[in-house]
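This is what each chain is made of:
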Amino acid sequence: MKTKTVEAAPTVEPRRAMRLRDYEWLQALPFILVHLAVLGVIWTGVTPAAAITCFVLYLVRMWAVTAGYHRYFSHRTFKTSRVFQFVLAFLAQTSAQKGALWWAAHHRHHHRHSDAKEDIHSPVQRGFIYAHVGWIFDHTSDTDLSKVKDLARYPELRWLNRYYLLPPILIAVIVALLFGGSGLFVGFMLSTVLLWHGTFSINSLAHVIGRRRYQTRDNSRNSMTLALLTLGEGWHNNHHYYPGSTRQGFRWWEIDITYYVLRGLAALRIVWDLREPPARVFQPASPSTEVEARAAPHVASSEITGTSSSSARPAPLSGPLDSSASS
Ligand SMILES: [Zn+2]
Ligand SMILES: [Zn+2]
């Protein structure tokens, strides 16, 4: 259940699996078993309570993944109290996607090297399956605290990151006690599997299919379908263009349910200082405005916004704005 932390920045890039046997199969075992456990429904059937639990746990945990892991811990796009910060980390971790510090450290690395050779989950570099799921079991289980110094100063977050399986196990036990076998297999296991692949689709599909409004250096795209499935994360090209914004749907019609809920929490003063995108995101983009936007001092650290260190790298696509997906 424990995860290792690395206090100093690693001096060498971790090795990458070239063959199937290079992956950490022991780490992957729980992931595979949860997929297989969904088959338990053959014996228990689907009760109405289990179906409702599946739906609710998908929505609540997807919200926690995008509002917590992504928009708060990875990008610090809004502020909250220390207590609600812990609640966000705990809720996000019920999704069984490791610790909040682990998630944020890897995600910041993704923004710094999006679709470049160093990117840990780029479908452009290592193919779709590797970007979707392979990278998680490719010697990436350590948390590099040097990438999340702003979060690592909270001992309660480091503790939760270390015992990252506690929240999902607690939820599984509660659901099983309340709703029996069907609750466990459908309510918890199935919703967890759907949640995993919904989240992972942003690393894989959102860099492959959809439309590109901004000529970012990566291959990120906007997709209404993915935005609906992931409560707003499908506006991924918007997000790569301006990662410091709380909302990822920049236009009124770009549905972003995570943001709407955050606005509700802001009205209750549970969260505050939600960051808006600057006016220039509504103007035609060019490579020069893109660099300017990504270097904007809207938060203290470029590490948080995901400002690329590979600034000399040319844009992989240079087609017209809002070009349709070519792959
Ligand atoms: Zn991305
Ligand atoms: Zn991001």
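About the cut-offs
Residues numbered from 1 in each chain as written. Chains lettered and ligands numbered in written order. Predicted model: local features only at pLDDT ≥ 70, side-chain atom pairs only at ≥ 80, totals over all residues. Helix = DSSP H or I, 4+ residues; strand = E, 2+ residues; numbered from the N terminus. Buried ≥ 20, exposed ≤ 12 C-beta atoms within 10 Å, placed from the backbone. Contact = placed C-beta atoms within 7 Å. pLDDT = per-residue confidence, 0-100. Expected span 1.5 Å × (residues − 1). Axes fitted to C-alpha atoms, helices over the stretch in contact; angles between N-to-C directions. Parallel < 35°, antiparallel > 145°, perpendicular 65-115°, else oblique. Left-handed = near helix turned anticlockwise from the far one by under 90°. Nonpolar A, V, L, I, M, F, W, Y, C, P; charged D, E, K, R; others polar. Core = buried A, V, L, I, M, F, W, Y, C linked by C-beta atoms within 7 Å.

Caption draft 1: Spatial organisation of the overall build of the protein chain. Helix and strand counts for the protein chain stand at 15 helices and four strands. Counting every position in the protein chain, which comprises 327 residues, the buried fraction comes to 45%. For the protein chain, long-range pairs separated by at least 24 residues make up 72% of all intrachain contacts whose partners lie at least 6 apart in sequence.

Caption draft 2: Broad picture of the environment of Thr-230. With respect to the helices, strands and loops of the structure, Thr-230 is situated in the loop between helix H11 (224–229) and helix H12 (236–241). Once you skip the residues sitting within four places of it in the chain, Thr-230 turns out to touch Met-62, Thr-66, Gly-198, Thr-199 and Ile-202.

Caption draft 3: Looking closely at the confidence of the model for the protein chain. Averaged over every residue, the pLDDT of the protein chain is 86; residues scoring 70 or more account for 82%. Confidence drops under a pLDDT of 50 for residues 8–12, and excluding neighbours within four residues, the segment shows four contacts in the predicted structure. Here residues 288–303 is a poorly scored stretch, pLDDT under 50, and it has 25 contacts once near neighbours within four places are set aside; other chains count.

Caption draft 4: Quick peek at helix H5 (residues 100–112). Over its 13 residues, H5 runs 18 Å from end to end, which matches the ideal 18 Å to within 8%, given 1.5 Å per residue. Across the 13 residues of H5, eleven count as buried, placing the element largely inside the fold. Along H5, the residues classified as buried are Ala-100, Leu-101, Trp-102, Trp-103, Ala-104, Ala-105, His-106, His-107, Arg-108, His-110 and His-111.

Caption draft 5: Structural detail: the packing of helix H3 (residues 48–74) against helix H10 (residues 166–203). Where H3 meets H10, the axes come as close as 8 Å, and the angle between the chain directions of the two elements is 40°. By the angle class used here, H3 and H10 are oblique. In this structure, H3 crosses over H10, and the sense of that crossing is right-handed. In terms of residue class, the contact of H3 with H10 is made up of 15 nonpolar, seven polar and one charged.

Caption draft 6: Geometry of the nonpolar core. By size, the foremost hydrophobic cluster in this structure holds 44 residues, and its most contacted members are Ala-92, Ala-100, Leu-101 and Ala-104. When contributions to this core are tallied by element, the ones reaching two or more residues are H3, helix H4 (82–93), H5, helix H8 (149–152), helix H9 (155–162), H10 and helix H13 (257–267). Per element, the largest residue contribution to this core is twelve residues, and it comes from H10. Setting aside anything within four residues of it in sequence, one finds Ala-104 in contact with Tyr-69, Phe-73, Ser-74, Val-148 and Leu-151. The next biggest cluster of nonpolar side chains, apart from the first, holds six residues, and it includes Ile-202, Leu-205, Leu-226 and Trp-235.

Caption draft 7: Region of interest: the environment of His-113. For His-113, the position within the fold is in the loop between H5 and helix H6 (123–126). The class of His-113 is buried, set by 21 C-beta atoms lying within 10 Å.

Caption draft 8: Quick peek at H3. Here H3 contains 27 residues, and its C-alpha end-to-end distance of 36 Å stays within 8% of the 39 Å for a straight helix at 1.5 Å per residue. Positive phi shows up at Arg-76, right after H3, with a value of about 50°.

Caption draft 9: Fine view of unusual backbone geometry. One non-glycine residue, Asp-115, lies in the positive phi region at around 60°. Here Asp-115 is to be found in the loop between H5 and H6. Positioned with a positive phi, Arg-269 is a non-glycine residue whose angle comes to about 65°. Along the chain, the position of Arg-269 falls in the loop between H13 and strand S4 (271–272).

Caption draft 10: Main features of the packing of H3 against H4. Running from amino to carboxyl end, H3 crosses H4 at an angle of 120°, the nearest separation of the two axes being 8 Å. Viewed along their axes, H3 and H4 adopt a mutual orientation that is oblique. In the packing of H3 onto H4, the handedness of the crossing is left-handed. Here Ala-64, Val-65, Ala-67, Gly-68, Tyr-69 and Tyr-72 of H3 lie close against H4, whose contacting residues are Leu-88, Ala-89, Leu-91 and Ala-92.

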